[in-house]
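Here is what each chain is made of, one letter per residue.
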Amino acid sequence: MSAIDYAEKIPNNVNLVGDRTLQRALEHWQPHFLQWWHEMGPSDFEGAQVYLRTAISVDAQGWAHYGAIRMPDYRWGIFLADPVADRKIGFGEAMGEAAWQQVPGEYRSTLRRLIVTQGDTEPASVEQQRRLGHTCPSLYDLRNLFQINVEEGRHLWAMVYLLHAYFGRDGREEAEQLLARHSGDADKPRILTTFNEPISDWLSLYCFTYFTDRDGKYQLKSLAESAFDPLSRTCRFMLTEEAHHMFVGETGISRVVKRSLEVMNELGSDDPARIRAAGAVDLPLLQKYLNFWCSSSLDLFGSEISSNSAANFANGLKARPDEDQYPDHVLKEASLTLQTPQGAETVPMLNALNEVMRESYLKDCEIGVKRWNRSIERAGSQFRLSLPSSRFRRSIGAWARQPVNPQGNLIDQSLYEKSLPGWIPSESDKAFVHSLMHQVIEPGRMAGWIAPPERGINNLPLEHEYVKLH
Ligand SMILES: [Fe+2]
Ligand SMILES: [Fe+2]
C-alpha cells in the first residue's frame, strides 16, 4: 500500500519530487485548474464548509479521511493504484508480454485520444451540475453532490497527469484544452453529447449518476485492463471513487420511489395528477427520466460495429470490462450475431466489442431497477419500472434515428413522433419537476418529494450539518 504525500504542493504517490520537469509543468497547470474550479465549479459555495472524504492512501480499505473543509481547499492530486509486480498484458495480440511503462510510438495518438475523451467527461459533469446546490433537497444531498464534484475534479487531475507525464508537448496542450471546452458551449462544447445535456434538477442528477457515471465505470474498467500500465493504475484508483457516484444515483432514485409510494398510500390512489398535486414524483414520470438518461448514456459506448474497438483490443489499448471473466482473450475466431434494422448480421467479435460492453453495462443497470421494483411490489402497486430497449432513441450505431418504441419494436415514423413526448420528459413534465426544486438546508430535513436516506455519512446522524453554509 502506498501512502499519499500531502506535504507537496500537488499531493501524489508518484514521487513527483523525483521528476522536476514534470513537477514544474503540473505546478504551472494547477492555477489554471483552480481558476476553472472558481469559474465553472459549484456556484456560490466557495465559502461553505463541506464534510468531505479525501483519499489518504490508495488501498481498498481505509483510504478515506473525512473532515469539514472549503471546496477550493480540497487536496486534488495524483493517485495511482499500487503497481502489480511483473504485470503482463492480458489480451490482444501482445498477450503475455510485459505491460508497457511508456507509450509505444505507434499507439501514441490513439492512446492520447482515449485519455482526452475520458478526461473531458470529468470536468464536463462538474459544469453540468454547477447550479444544483441552489435547489438541494437536503444538506445530506448537497454534501454528496459536492463530494462527487471534487472527485470528478480529481479524475481530471488523473488524466492530466498522464498527458503531462507521457505525451510531451501535445499532452500539455490537450491538458489546457480540457479546461477550455465547456459543457453546452456553442463554440467549444465537451466532446460527448451526453456531457452537454444540462442537468438542472435533482431527478436528472440521480439519473445521471446512475446511468452516466456507470458508463464511466465501464470505460474505466476497460481502460484498467490496458497494456499501458500507468493508465491501468490510474483507472483502477478512479474506480474506487466512482462507486460513490453510482451509490448517490441508486439511493437517490430509491428515495424518490419510496416517497412516491408513501404519497400513493396516503392518497389511496395512483393517479399521477393527484400525486403531483401532493408534491411528489409519480412513477410514470420517473420512468420517462429513466428512458431519457439510459438511452442517452447507451450512445456513449459507440457503434455496435466498430473497427476502432477492434483495433484498440487487438493492440492492447482497451479490453472488455473484467476481461478475466472471458475464456478467449484474443478473439481471432469468435463472432457475434447482432440485430440491425436490416436483419441479423454476423460480425467478427472483435468488431462487436462496443456491443459486448453495452450489454454488460445494461446488466449492471438492471440491478437497481430490480431493487426499486421490489419496493414497489411490497407497497402493493402493480406498476413496474424498466429500462428502455437499447434500440430506443439512439443517435449512434445501427439503430440511430430509427422509429423504435421503448420495448425495442420498429414502429411507424408518425406514430413514433406522436408517442415520443409520452416516453421521455415533455416540457410540462420538466416544468413540474422544476417546480419541486426548492433548497432545503435545515439539518436533517428533506424536501417533500424525496424520502430520507437510510443512514447518514460515515456513521454520523442524518441531522449532522454536512454543509455549513455560513
Ligand atoms: Fe469520474
Ligand atoms: Fe463519476
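Notes on the structure follow. No experiment lies behind these values; they were computed from the predicted model shown. Note on numbering: residues in each chain are counted from 1, in written sequence order. Written order determines the labels here, with chains lettered from A and ligands numbered from 1. In view of the model being predicted, local features appear only for residues whose pLDDT reaches at least 70, and side-chain atom pairs are presented and counted only at 80 or more, with totals across whole chains, interfaces and linings using the full set of residues. The side-chain values count all of the structure's non-hydrogen atoms but skip hydrogen atoms and water molecules.

**Some words on the coordination of the iron ion (ligand 2)**
Metal coordination here is assigned from N, O and S atoms located within 2.8 Å of the ion, or within 3.2 Å for Na, K and Ca; omission of water means that sites may look incomplete. Note on the iron ion (ligand 2): its protein donors are Glu 152 (OE), Asp 213 (OD), Glu 242 (OE) and His 245 (ND1). The metal-donor distances range over 1.7 to 2.2 Å. If you look at the iron ion (ligand 2), its 4 donor atoms make angles of 92 to 167 degrees with each other, and the shape they trace is irregular. For the iron ion (ligand 2), all donor residues lie on one chain, and their spacing in sequence is E-x60-D-x28-E-x2-H. The metal-metal distance between the iron ion (ligand 2) and the iron ion (ligand 1) is 3.5 Å, with Glu 152 serving as a donor to both. Of the two residues, Asp 213 sits in helix α5 (residues 202–224) while His 245 sits in helix α6 (residues 229–267), which places them 32 residues apart along the sequence. Site shape is set this way: if four donors have all angles between 85 and 135 degrees, tetrahedral; if opposite donors are over 155 degrees apart and all others between 65 and 115, square planar for four donors and octahedral for six; otherwise irregular. Note on conventions: DSSP H or I runs of at least 4 residues are helices, E runs of at least 2 residues are strands, and numbering of each starts at the N terminus.

**Structural notes on the layout of surface pockets**
The method works on a 1 Å grid over the protein atoms by themselves. A cavity is a set of points holding a 1.4 Å probe that cannot get out, a pocket is an open set with protein on both sides within 12 Å along at least five of seven lines, and residues with an atom within 4 Å of a point line them. Grid points are joined across faces, edges and corners, and a volume is the space filled by probe spheres set on the points. In this model, the largest pocket occupies a volume close to 1100 Å³. Around the largest pocket, the lining comprises 48 residues; the ones closest to its centre are Thr 117, Leu 192, Gln 219, Leu 300 and Phe 301. Elements with a contribution of two residues or more to the lining of the largest pocket: α2 (108–128), α5, α8 (283–298), α9 (307–314) and α10 (353–378). Three categories are distinguished: nonpolar for Ala, Val, Leu, Ile, Met, Phe, Trp, Tyr, Cys and Pro, charged for Asp, Glu, Lys and Arg, and polar for the others, with Gly belonging to the last. When grouped by side-chain class, the residues that make up the lining of the largest pocket number 17 nonpolar, 20 polar and 11 charged. By volume, the second largest pocket amounts to about 420 Å³. Mapped onto the lining of the second largest pocket, the elements with two or more residues apiece are α6 and α10.

**Concerning the packing of α6 against α8**
Interaxial angles span 0 to 180 degrees and are taken between N-to-C directions of axes, which are lines fitted to C-alpha atoms, for helices over the stretch in contact. Here α6 crosses α8 at 160 degrees, and the two axes come no closer than 10 Å. Regarding the angle of α6 to α8, the classification is roughly antiparallel. The way α6 lies across α8 gives a crossing that is left-handed. The segment α6 lies against α8, with Ile 253, Val 257, Ser 260, Leu 261 and Met 264 engaging Leu 283, Leu 286 and Leu 290. Residue composition of the contact of α6 with α8, grouped by class: 7 nonpolar, 1 polar and no charged. Roughly parallel means an angle under 35 degrees; roughly antiparallel, over 145; roughly perpendicular, 65 to 115; everything else is oblique. The crossing is said to be left-handed when, going from far helix to near helix, the turn is anticlockwise and less than a right angle, and right-handed when the turn is clockwise. Contacts were defined at the residue level, with two residues in contact if any of their heavy atoms lie within 4.5 Å.

**Quick notes on α8**
The length a helix should cover is 1.5 Å for every residue beyond the first. With 16 residues, α8 extends 22 Å between its outermost C-alpha atoms, agreeing within 8% with the 22 Å of an ideal straight helix rising 1.5 Å per residue. Between buried and exposed lies partly exposed: a residue is buried under 20% and exposed over 50% of the maximum accessible area for its type, with that area taken using a 1.4 Å probe on protein chains only. Of all 16 residues making up α8, 15 are buried, and the element is well covered by its neighbours.

**Concerning the environment of Ala 311**
Position of Ala 311 among the secondary structure elements: in helix α9. Residues Ala 311 and Ala 398, spaced 87 residues apart in sequence, show a C-alpha to C-alpha distance of 20 Å.

**So, the sheet that holds strand β1 (residues 49–55)**
Strands were regarded as paired on the criterion that DSSP finds at least two bridges between them. Pairing is antiparallel across the open sheet formed by 3 strands, whose spatial order is β2-β1-β5. Edge positions in the open sheet fall to β2 (64–70) and β5 (467–468), since each of these has one partner strand only. Bridge count for β1 against β5 is 2 bridges, and the pairing is antiparallel. Of the residues in β5, the one forming a bridge with Val 50 is Val 467.

**Describing the packing of aromatic side chains**
Only the six-membered ring of Trp is used, alongside the rings of Phe and Tyr, when aromatic pairs are assigned; centres must lie within 6.5 Å, and planes under 30 degrees apart are stacked while those over 60 apart are edge-to-face, with the rest tilted. By the definition in use, this model includes 29 aromatic pairs. Arranged with centres 6.4 Å apart and planes meeting at 55 degrees, the rings of Tyr 6 and Phe 79 form a pair that is tilted. Of the two residues, Tyr 6 sits in the segment before α1 (20–40) while Phe 79 sits in the loop between β2 and α2, which places them 73 residues apart along the sequence. Classification of Tyr 6 as partly exposed rests on a relative accessible area of 24%. With a centroid separation of 6.3 Å and 85 degrees between ring planes, the pair formed by Tyr 161 and Tyr 166 is classed as edge-to-face. Note on accessibility: Tyr 161 and Tyr 166 belong to one class, buried. Three or more aromatic residues joined by ring pairs form one cluster here, namely Trp 29, Phe 33, Trp 36, Trp 37, Tyr 74, Trp 76 and Trp 157. The rule for a charge over a ring is simple: NZ of Lys or CZ of Arg within 6 Å of the ring centre, and within 35 degrees of the ring normal. One Lys or Arg, Arg 214, reaches over the ring of Tyr 210 and ends 4.2 Å from the middle of that ring. The residue whose ring lies beneath Arg 320 is Tyr 326, and the NZ or CZ to ring-centre distance is 3.8 Å.

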